[in-house]
Amino acid sequence: MVGAMFRRASPPPDPATLRIERLVVASEGRTIPWSVLQKAFELARPAGAAVHVVSIARIWGTSLGFPNPGLNPTKPEWDTQRLLVREARDALEKAGFEATGHVIGTRRAAKRILGEAERFRADAIVMGADPKRAILGDFIWSQEPYRVERRAKIPVYLVPLDGSRTGRGGPG
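Residues numbered from 1 in each chain as written. Predicted model: local features only at pLDDT ≥ 70, side-chain atom pairs only at ≥ 80, totals over all residues. Heavy atoms only, no water.

A.B. asks: Can you help me understand the packing of helix α4 (residues 109–120) against helix α5 (residues 144–151) in this one?
C.D. replies: Two quantities define a packed helix pair, namely the angle between the axes and the distance from one axis to the other. Following both chains from N to C, one finds α4 and α5 inclined at 50°, their axes separated by 9 Å at the closest point. As far as their axial angle goes, α5 and α4 are oblique. Considering only the axes of α4 and α5, their crossing is right-handed. Counted together, A109, A110, I113 and L114 of α4 and E144, R147, V148 and R151 of α5 form the full contact between these two elements. Looking at the contact of α4 with α5 residue by residue, the classes come out as five nonpolar, no polar and three charged. (Axes fitted to C-alpha atoms, helices over the stretch in contact; angles between N-to-C directions. Helix = DSSP H or I, 4+ residues; strand = E, 2+ residues; numbered from the N terminus. Parallel < 35°, antiparallel > 145°, perpendicular 65-115°, else oblique. Left-handed = near helix turned anticlockwise from the far one by under 90°. Contact = heavy atoms within 4.5 Å. Nonpolar A, V, L, I, M, F, W, Y, C, P; charged D, E, K, R; others polar.)

Right under this line is the structure:
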């Protein structure tokens, strides 16, 4: 019973064994670094995949169970997220890929990223990820890529950020 609660994601398959025609590049709100875009190029190039960029503008919660405008992203937060999506989309287009993207406001980033991947009919997801934390890491927003990885029905390639190594689908 306890094992079911803490399901470990299996490593994604070798990209050379897949034909990726639709790819999602996702972020839980952080800047999408060049290393994540390079992984997206690597995955998308063989089939000339269409790429969809998704970023999350975090909603901070509710007030007594009701939505509260003060907990929604501010205009500068929305603008920051739109800019990072536009920059990633522009880099993908410059590399020759068909790219789209948008920002979603939510408290449940993993659920919405997976919903977007399903809507886009993606074959894989690429995200940047901090080092994996112990069990308490499930309560930390920066661990959202691991929640996406655990819940996804398609391969999720996590690219280590800040010189760390996740051991799951990252480069080298």
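A.B. asks: Would you take a moment to explain the packing of aromatic side chains for this structure?
C.D. replies: Both the distance between ring centres and the angle between the ring planes are used here to describe each pair of aromatic rings. All chains considered together, the criterion is met by two aromatic pairs. Consider the rings of F41 and F97, whose centres lie 6.0 Å apart with planes at 10°: the pair is stacked. Here the residue F41 occupies a position in helix α2 (residues 34–44), and F97 occupies one in the loop between α3 (75–94) and β3 (99–106), the gap between them amounting to 56 residues. What makes F41 buried here is its relative accessible area of 10%. Judged by relative accessible area, F97 falls into the buried class, the value being 7%. Feature note: the residues W34, F41 and F97 constitute an aromatic cluster, connected by ring pairs. (Phe/Tyr/Trp six-rings, centres within 6.5 Å; stacked < 30°, edge-to-face > 60°. Buried < 20%, exposed > 50% of the residue type's maximum accessible area, 1.4 Å probe, protein only.)

A.B. asks: Help me understand the pairing of strand β5 (residues 156–160), please; the structure alone is not making it clear to me.
C.D. replies: Within a regular beta strand, the side chains point alternately toward one face of the sheet and then the other, so they alternate between its two faces. The buried count for β5 comes to five of five residues, which makes it a mostly enclosed element. A two-sided burial pattern is seen for β5, the buried positions comprising V156, L158 and P160 on one face and Y157 and V159 on the other. Two elements, strand β4 (residues 124–129) and β5, share five bridges in a ladder whose sense is parallel. Counted as the bridge partner of I125 is V156 from β5. (Pairing = 2+ DSSP bridges.)

A.B. asks: Where do I start with the sheet that holds strand β1 (residues 22–27) in this structure?
C.D. replies: Picture the strands of a sheet paired through backbone hydrogen bonds; they go either parallel or antiparallel. The five strands are arranged β3-β2-β1-β4-β5 in an open sheet whose pairing can be described as parallel. The two strands at the open ends of the sheet, each matched to only one other strand, are β3 and β5. Between one strand axis and the next, the sheet turns through 20° on average, direction left out of account. As paired strands, strand β2 (residues 50–58) and β3 are joined by eight bridges and run parallel to one another. Bridging across to β3, V53 finds its partner in G101. With respect to the sheet, α3 is in contact with β2 and β3, its orientation differing from that of β3 by roughly 160°.

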